[in-house]
Amino acid sequence: APNSLCLSPLLQGLSHCLTVGVEDVDGGGDAAEDDGTCLPLPTPGDPHMLVVPGAAPASPSLPERIGSATSQSSAIINDRLQELVKLFKERTEKVKEKLTDPDVTSDDESPSPAPTAPPPPPPGEVPPGDKAAGDEHYCEMLCCAFKCRPWLDRLKSYQFPSSIDPLTNLMYVLWLFFVVLAWNWNCWLIPVRWAFPYQTPSNIHFWLLVDYLCDLIYLLDVIVFQTRLQFVRGGDIISDKKAMKENYLHSQRFKMDVVCLLPLDFFYFKVGVNPLLRFPRCLKYMAFFEFNNRLEAILSKAYIYRVIRTTAYLLYSLHVNSCLYYWASAYEGLGSTTWVYDGEGNSYIRCYYWAVKTLITIGGLPDPKTLFEIVFQLLNYFTGVFAFSVMIGQMRDVVGAATAGQTYYRSCMDSTIKYMNFYKIPKTVQNRVKTWYEYTWHSQGMLDESELLVQLPDKMRLDIAIDVNYNIVSKVALFQGCDRQMIFDMLKRLRSVVYLPNDYVCKKGEIGREMYIIQAGQVQVLGGPDGKTVLVTLKAGSVFGEISLLAAGGGNRRTANVVAHGFANLFILDKKDLNEILVHYPESQKLLRKKAKKMLKNNNKPKDVKGQPGSPLIIPPKADTPKLFQAALAAMGKAGGKGRLAHLRWKLQELKAMQTAQVSVGRTCHGQKFPDDDFAFFWILQDPSFSPIPPKSPVHRRSPTASPKASTPPGEEIFSKSSDNLVAIRVISAAQEDEEILAAEISQKEEEEEGK
């Protein structure tokens, strides 16, 4: 039924093409300029001609040009018909297979949805294509011209978000950078302007300009950004404007931001421009710690930033101490004693040097003279010891956290080397173990990546596994058509293994219980008589060993050796893990077993079978002695006749006896024995005194050829009798072809003689 349904439109189209072809030939080729869907008829002499019953042949008086064109068109028609018939056969086989086995899924991909047409633009609005064409601007730079949209247009079209995610929004992290920059300006320069005489009436305008620019950044952070930050309440992410504003107004951060922006600058009109009145600006420390957390979350090597931040803490404590030392010196009087600053050189550098020697307790400082100097020096010593110990401890934690993985790797390697030395493992094995440790650490940054994923929830581990392995596993032919959730569960069971160069991934003959997926590197499949011939090289993304996961009887044996060509990182799926997964997916299990049986059946089919036509034999086999001839020889032996058959039988026996004697003499000739007939025969040929009758060479022996046999009517009898009339042979043809009946009769006289 499928064939008849598929061939009916083909026959209709063929008849239509033939009809148009006849009209084209009769009309002089007007239709030859058509689109090529229908072709003219070939000439009668064309070997590829299509014979149509009832169609009149083309006229032989047509020009040669039309004849060559029709011959070419007939060949094209035949090729197209053959392709169509082949496609119809394949389609019919697929339909039959689906009808007989409904569990087999189609290998074709699911059709992708048709692209939906974009909705028409509202009236009065320019279509997107026309708008984009109108907004194209070309900028010339040197010898190049490129499209660039004016920054002013981009700025006008930008819309500020109504809510901001503080955890993932990079724009918010950038804004925090500017807030922290303003905060550092206040923290570092307010003590300098208060203690050192760097703020003068000539440069007061510069200091005030930068101060109020920092205040503007503070104000924008409170009004624009902090009131748009999303927050979590009861597990839900709140992005409502009113709720976000209320949440900020009731938070502790809002109170600190209000204190930071206290307008103490109005006291400038009464006491003058005193930098200490801006000290509340330093209380915006919460923005600094938030920026640290957000920046460490997006940096790949956050420990570098931690080291820089800890160093900045130490430098800032020295900076504040140098400012206090200059203030104390100015209070006591510059150069009044040997302990205070004498007023020579760069005041900030010299005071900073004194602060470093004091806080780090290097020594070599002048002794304080007055009570104020003694108290100030004691407070410096106590603060220096405490601050320096805290900085050292924090720096140790930062460096330790940064090198924790390296320390773990080194401890594992040292323990392994100690274990191998204790049991006196060979140096070659120890070197391979060291190489594995070094390559695994440098390529992955860890020894076992599964240890990091254990702490993550199951859903996040699945997301990571999908991003890493799904594109490779989905291309495996064995798993195509299976439940997608089953493949997801399988991805979580994959484990990563690193193989060194020339390591055997699997060996020929062993039971296969794993499937391998090449993540990085290459492996070679070895075979051939010596087992060292490279059959194929598999690269990253290839899969092998998948049939062994579902093979019955404990797993099929490997048919070849697989060796790592260089360093190779493979993902391995155990058969045990797959069976645990398939328990929950019976339909996928049924489908996988059918596919595995089919793949095993295809792999076990012999490629070359001896005796098939087209495979010639170099040495033809020896033809067997016909049964009829053997029976005749046996009968003549019993009869003891002297005819041709008896003479031939006697010759064969004599030849056999000569060959036996030749072998026995050759083995013991001249008192020497040979374990092999070939060596004995070679020695006999070298001895001129020995000249036995050589046996017949099997190379020069001609194989008997079957002669044509005359057909004998069934039931006809062929009779032959010996010369002494003691043995009679009858050959009777049977009713079936190539069958004959042989009968041998011995006279009673001969039987009596044998009995005596």
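Residues numbered from 1 in each chain as written. Predicted model: local features only at pLDDT ≥ 70, side-chain atom pairs only at ≥ 80, totals over all residues. Heavy atoms only, no water.

- In the annotation of an unreviewed UniProt entry, the protein is listed under the name Cyclic nucleotide gated channel subunit beta 1 and assigned to Anser brachyrhynchus.
- The protein has a UniProt comment under Subcellular location (unreviewed entry) that states "Membrane". (UniProt positions renumbered as here; feature names shortened; annotations may be inferred.)

1. Remarks on the overall build of the protein
- When helices and strands are counted, the protein shows 24 helices and 13 strands.
- Counting all 756 residues of the protein, 29% fall into the buried class.
- When contacts within the protein are restricted to residue pairs at least 6 apart in sequence, long-range pairs at least 24 apart make up 63% of them.
- Carbon and sulfur atoms make up 60% of the accessible area of the protein, which amounts to about 51100 Å² in all. (Helix = DSSP H or I, 4+ residues; strand = E, 2+ residues; numbered from the N terminus. Buried < 20%, exposed > 50% of the residue type's maximum accessible area, 1.4 Å probe, protein only. Contact = heavy atoms within 4.5 Å. Areas by Shrake-Rupley, 256 points an atom, 1.4 Å probe, with all protein chains shown as cover.)

2. A few points about the UniProt feature "transmembrane region" (unreviewed entry) in the protein
- In the numbering used here, UniProt assigns the "transmembrane region" (unreviewed entry) feature to residues 172–192 and 204–225.
- The distance from the first to the last C-alpha atom of residues 172–192 is 31 Å, and the span holds 100% helix and 0% strand.

3. Considering the environment of D265
- Along the chain, D265 turns up in the loop between α8 (252–260) and α9 (268–271).
- Residues D265 and R278 lie 13 residues apart in sequence; the distance between their C-alpha atoms is 7.3 Å.
- Setting aside its immediate chain neighbours within four residues, D265 contacts Y212, D215, R278 and R281.

4. Side note on the nonpolar core
- Ranked by size, the top nonpolar core spans 28 residues in total, and within it V473, F479, M486, M490, L550 and L592 carry the most contacts.
- Contributions of two or more residues to this core are made by α17 (458–473), α18 (484–491), β7 (514–527), β10 (561–574), α19 (575–582) and α20 (586–604).
- Residues in contact with L550, not counting those within four places in the same chain, are L478, L578, L582, L592, R593 and A596.
- Membership of the second largest hydrophobic core comes to 26 residues, among which are W175, W183, Y218 and F291. (Core = buried A, V, L, I, M, F, W, Y, C linked by side-chain atoms within 4.5 Å.)

5. Observations regarding the pattern of salt bridges
- Applying the stated rule across the entire model yields 20 salt bridges.
- R253 serves as the salt-bridge partner of E290, at 2.2 Å between the closest nitrogen and oxygen. A residue pair is termed long-range when its members are at least 10 positions apart, and E290 in helix α10 (residues 285–298) and R253 in helix α8 qualify at 37 residues.
- Look at E290 and you get buried, because its relative accessible area is 11%.
- Across the salt bridge formed by E514 and R558, the nearest N and O atoms sit 3.9 Å from each other. (Salt bridge = Lys/Arg side-chain N within 4 Å of Asp/Glu carboxyl O.)

6. Regarding unusual backbone geometry
- Of note in this structure, K424 is not a glycine but carries a positive phi near 55°.
- Its place among the elements puts K424 in the loop between α14 (404–422) and α15 (427–444).
- A positive phi angle, near 70°, is found at N502, a position not held by glycine.
- Positionally, N502 belongs in the loop between β5 (495–499) and β6 (504–506).

7. Quick notes on the packing of aromatic side chains
- Overall, the coordinates contain 33 aromatic pairs when judged by the stated rule.
- Ring centres of Y248 and F254 lie 5.3 Å apart, and the angle between their planes is 75°; this geometry places the pair in the edge-to-face category.
- Under the relative-accessibility criterion, Y248 is labelled buried at 4%.
- An aromatic cluster of three or more residues is present, and its members are W194, Y325, W327, Y331, W339, W354, F372 and F376.
- Over the face of the ring belonging to Y504 we find K507, whose NZ or CZ atom lies 5.1 Å from the ring centre. (Phe/Tyr/Trp six-rings, centres within 6.5 Å; stacked < 30°, edge-to-face > 60°. Lys NZ or Arg CZ within 6 Å of the ring centre and 35° of its normal.)

8. Here's the deal with a nonpolar patch on the surface
- Judged by side-chain polarity, L213, L216, L219, L220 and I223 come together as a nonpolar surface patch covering roughly 450 Å² of accessible area.
- Relative to the helices and strands, L213 resides in helix α6 (residues 204–225). (Patch = residues over 30% accessible without salt bridge, like charges linked within 9 Å, V, L, I, M, F, W, Y side chains within 5 Å.)

9. A few points about helix α5 (residues 170–195)
- Under the 1.5 Å per step criterion, the end-to-end length of α5 is 38 Å for 26 residues, consistent within 8% with the ideal 38 Å.
- The largest bend along α5 reaches roughly 30° and is located at L189, with the proline P191 sitting one to four residues downstream.
- Where α5 begins, the side chain of N169 points an oxygen toward the backbone nitrogen of M171, at a separation of 2.9 Å. (Expected span 1.5 Å × (residues − 1). Bend = angle between axes of the 7 residues up to and from the residue. Polar contact = N/O pair within 3.5 Å; in protein donor to acceptor, adjacent residues only side chain to side chain.)

10. Things to note about helix α12 (residues 347–359)
- Counted at 1.5 Å a residue, the expected span for α12 with its 13 residues is 18 Å, and the 18 Å between its end C-alpha atoms agrees.
- Taken together, the buried residues of α12 touch α11 (302–332) and α13 (371–402).
- Where α12 begins, one side-chain oxygen reaches toward the backbone nitrogen of Y348, 3.1 Å away; that side chain belongs to N346.
- Following α12 by one or two positions, T361 has its phi on the positive side, about 55°.

11. Things to note about the side chain of T358
- Assignment of secondary structure puts T358 in helix α12.
- Looking at T358, the relative accessible area reads 0%, which means it is buried.
- Polar side-chain contacts of T358 include one of 2.8 Å to the backbone oxygen of W354.
- T358 has contacts with N321, L365, Q377, N380 and Y381, leaving out every residue within four places of it along the chain.

12. Description of the packing of α11 against α12
- Look at α11 against α12: their axes get within 8 Å of each other, and the N-to-C directions meet at 115°. In terms of orientation, α11 lies roughly perpendicular with respect to α12. Our pair here, α11 against α12, has a crossing hand that is right-handed. Two secondary-structure elements touch here, α11 through L315, S317, L318, H319, N321, S322, Y325 and Y326 and α12 through S347, Y348, C351, Y352, W354, A355, V356, T358 and L359. (Axes fitted to C-alpha atoms, helices over the stretch in contact; angles between N-to-C directions. Parallel < 35°, antiparallel > 145°, perpendicular 65-115°, else oblique. Left-handed = near helix turned anticlockwise from the far one by under 90°.)

13. Some remarks on the confidence of the model for the protein
- On average, residues of the protein score 74 in pLDDT, and 64% of them are at 70 or above.
- Between residues 140–146, whose pLDDT stays under 50, and residues either more than four places distant or in other chains, the model counts 7 contacts. (pLDDT = per-residue confidence, 0-100.)

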